Amino acid sequence: MSEPVVYDRAPAELDLEPGEYWWCACGRSMTQPFCDGSHEGTEFEPVPFVIEEKSTVWLCNCKHSKDKPFCDGSHNDLPDDIF
Ligand code: FES
Ligand code: FES
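Being a predicted model, the structure only gives us computed values, none of them experimental.

(A) Layout of the pattern of salt bridges. By the definition in use, this model includes one salt bridge. Across the pair Lys-54 and Glu-17 runs a salt bridge whose closest N-O atoms are separated by 3.4 Å. Taken together, the positions of Lys-54 in the loop between β3 (47-51) and β4 (55-59) and Glu-17 in the loop between β1 (12-16) and β2 (19-23) put the pair 37 residues apart, joining distant regions of the chain. On the basis of relative accessible area, Lys-54 is assigned to the exposed category, the value being 55%. Residue Glu-17 is classed as partly exposed on the basis of its relative accessible area, which comes to 44%.

This is the structure:
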């Protein structure tokens, strides 16, 4: 399994409306933290998730969370030279 690109070491804080979203797992999207199809040709797939009611979320930008698509603090454990 190859490693995802670390887009940022901090999560994206977003106010999301109800709906279905696709979080970028590969780190290559130009529309972070959401998938724009740039994972094509890689082994990564976007992670779909549903927001039931308007809410503030913190989506993982480092792509190493164990609770994808949400930040779980794993960005704090990344080595300094990974980004
Ligand atoms: Fe990253 Fe689609 S662009 S998962
Ligand atoms: Fe990835 Fe926090 S930004 S775990």
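(B) Quick peek at the packing of aromatic side chains. Here the structure, examined in full by the defined rule, presents three aromatic pairs. Ring geometry for Phe-49 and Phe-70: centres 5.9 Å apart, planes at 70 degrees, overall edge-to-face. Here Phe-49 is found in strand β3, whereas its partner Phe-70 is found in the segment after β4, with 21 residues between them in sequence. Here a set of aromatic residues connected by ring pairs shows up, and it is made of Tyr-21, Phe-34, Phe-49 and Phe-70.

Definitions and cut-offs
- Residues numbered from 1 in each chain as written.
- Chains lettered and ligands numbered in written order.
- Predicted model: local features only at pLDDT ≥ 70, side-chain atom pairs only at ≥ 80, totals over all residues.
- Heavy atoms only, no water.
- Salt bridge = Lys/Arg side-chain N within 4 Å of Asp/Glu carboxyl O.
- Helix = DSSP H or I, 4+ residues; strand = E, 2+ residues; numbered from the N terminus.
- Buried < 20%, exposed > 50% of the residue type's maximum accessible area, 1.4 Å probe, protein only.
- Phe/Tyr/Trp six-rings, centres within 6.5 Å; stacked < 30°, edge-to-face > 60°.

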